[in-house]
Amino acid sequence: MVDNKKRIYQLDGRVPLVQAVPFGLQHVLAMFVANITPIIILANVVGIEQTLSGALIQNCMIIAGIGTLIQLYPIWRIGSRLPIVMGISFTFLSLAIFIGTTQGMGALMGAVVIGGIMEGLLGLFAKYWLFIISRVVAATVVTAIGFSLLPIGANSFAGGQGAADFGSTQNWIVGTFTLLTCLGFQIFAKGFLRSLSVLIGLLAGYILAVCMGMVDFSGLQHAPLLELPRFMPFDLEFNWGAILSIIAIYMVSATETIGDTNALCVSALNRSPHKVELGASISCDGFVSSLAGLFGCTPITSFSQNVGLAAMSGVVNRFAIATGACIMILGGIFPPVGAMLTTIPQAVLGGCTIMMFGSIMFAGFGMLSKCGFTDRNMIIVSLSLSIGLGFTQATGMFSIFPQIVQTVFAENCVAVVFLLAVILNLVLPNKPPRKYA
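Residues numbered from 1 in each chain as written. Predicted model: local features only at pLDDT ≥ 70, side-chain atom pairs only at ≥ 80, totals over all residues. Heavy atoms only, no water.

### Looking at the overall build of the protein chain
When helices and strands are counted, the protein chain shows 18 helices and two strands. For the protein chain, whose C-alpha radius of gyration is 21 Å, the value lies close to the compact-globule estimate of 22 Å for 437 residues. C-alpha extents for the protein chain along the principal axes are approximately 65 × 55 × 45 Å. Going through the 437 residues of the protein chain one by one, you find that 56% of them count as buried. Here the analysis covers contacts within the protein chain between residues at least 6 apart in sequence; of these, 84% occur between residues at least 24 apart. (Helix = DSSP H or I, 4+ residues; strand = E, 2+ residues; numbered from the N terminus. Rg over C-alpha atoms; globule rule 2.2 N^0.38 Å. Buried < 20%, exposed > 50% of the residue type's maximum accessible area, 1.4 Å probe, protein only. Contact = heavy atoms within 4.5 Å.)

Below, the structure is given as structure tokens:
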């Protein structure tokens, strides 16, 4: 008979709701703002009216919850049965804005639906192509994901990129207090309190932010009590240029999902992922993204910050994380829930996520150490990371290339790292002349 307190750290098994809900809520809070931000930015740039944009935000929460539930409890071969949390992807944002402003939201959603089906089929037939994702390629991509998240955590810590009070004293105080609270409970607490260190830090930081007058509750007054999701808010249009462009970004999203699945299995489950799990993760990513398009949302993907949270807390129980997915769905159906969660200041979220993002990078280092420090691996890792991380930080580096290449690679270091790592892994000799260690 397994102790209920230990089930929370096991993949399967029913956990009492009173224990499961806090851990599920912790996962929701870790990704909530990042989940709704892409659609908020898209709606503002494209010029979608406020009532419809509010409905799209609610739809995004529901889709994220559905996608997470399917990852946890698969439908046929769609879903990995792993504690992966899904949400609206930033990867598609720049291209979505371009298509939405030039060809209309109907063309964008048509491309999202078709592209999602293509990625879903790619996942179902993953066994025929996953051989190109060797251990060193996976380790390099996971490390790149960790590095790519560091600026996101730092920007949140300072108040959110573009915020009027970015880097203010208030944000520094709240972010630092939140981080120290998370760190203190992670080091000194035991049992459940240690595993809930992120949630406790978030609540402590939120209370401090309220006391400092940084929380705006005005949005709660206008939120309706109940609102059902709006199906097909845009009439689908099928433009081949938009479809091909979106499919290219879906390949990048599949790469991120592969990296996140690898990182989760290695850091939280202490094993390598199975090919079936990788393919099922990708198929869920694709097919649920198609569903997202029918509800006016951009594609979803696995959330790296939740991988870091699972690694740091050790909580991998599917039922516990499913309660978080249900909270997201309820937040979409009952707008006051979502409106309350949107009041969390960016500095609080930044204080919570700094160490979580670093843990993903640390997991990548662990994977690299298991690959062996050979000449061949040194070239693959060092060249992929140097070019992928370096070139994407240099503004205008890709300006000589066509727009589609700029959209896919110019600001996405994970895509560049993945492409280079795969190519180098295929062309370099398999027998290295010597080892470094």
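There's more to say after this.
### Focus on the state of the cysteines
Inspection of the entire model under this criterion finds zero disulfides. The thiol sulfur of Cys 60 is not disulfide-bonded, and the nearest other cysteine sulfur, from Cys 297, lies at 3.4 Å. Of all cysteine sulfurs in the structure, the one in Cys 265 sits closest to Cys 371, which takes part in no disulfide; the separation is 15 Å. Taking the relative accessible area as the measure of exposure, Cys 371 reaches 18% and is therefore buried. (Disulfide = S-S within 2.5 Å.)

### Digging into the layout of surface pockets
The calculated volume of the second largest pocket comes to roughly 320 Å³. Mapped by element, the contributors of at least two residues to the lining of the second largest pocket are α6 (135-157), α10 (240-268), α11 (275-294) and α15 (346-371). Ranked by residue count, the leading element in the lining of the second largest pocket is α15, at three residues. (1 Å grid on protein atoms, 1.4 Å probe; cavity = no way out; pocket = protein on both sides within 12 Å on 5 of 7 lines; lining within 4 Å. Points joined across faces, edges and corners; volume = space filled by probe spheres on them.)

### Looking at the side chain of Ser 290
Within the secondary structure, Ser 290 sits in helix α11. Accessibility expressed as a relative area gives 8% for Ser 290, which makes it buried.

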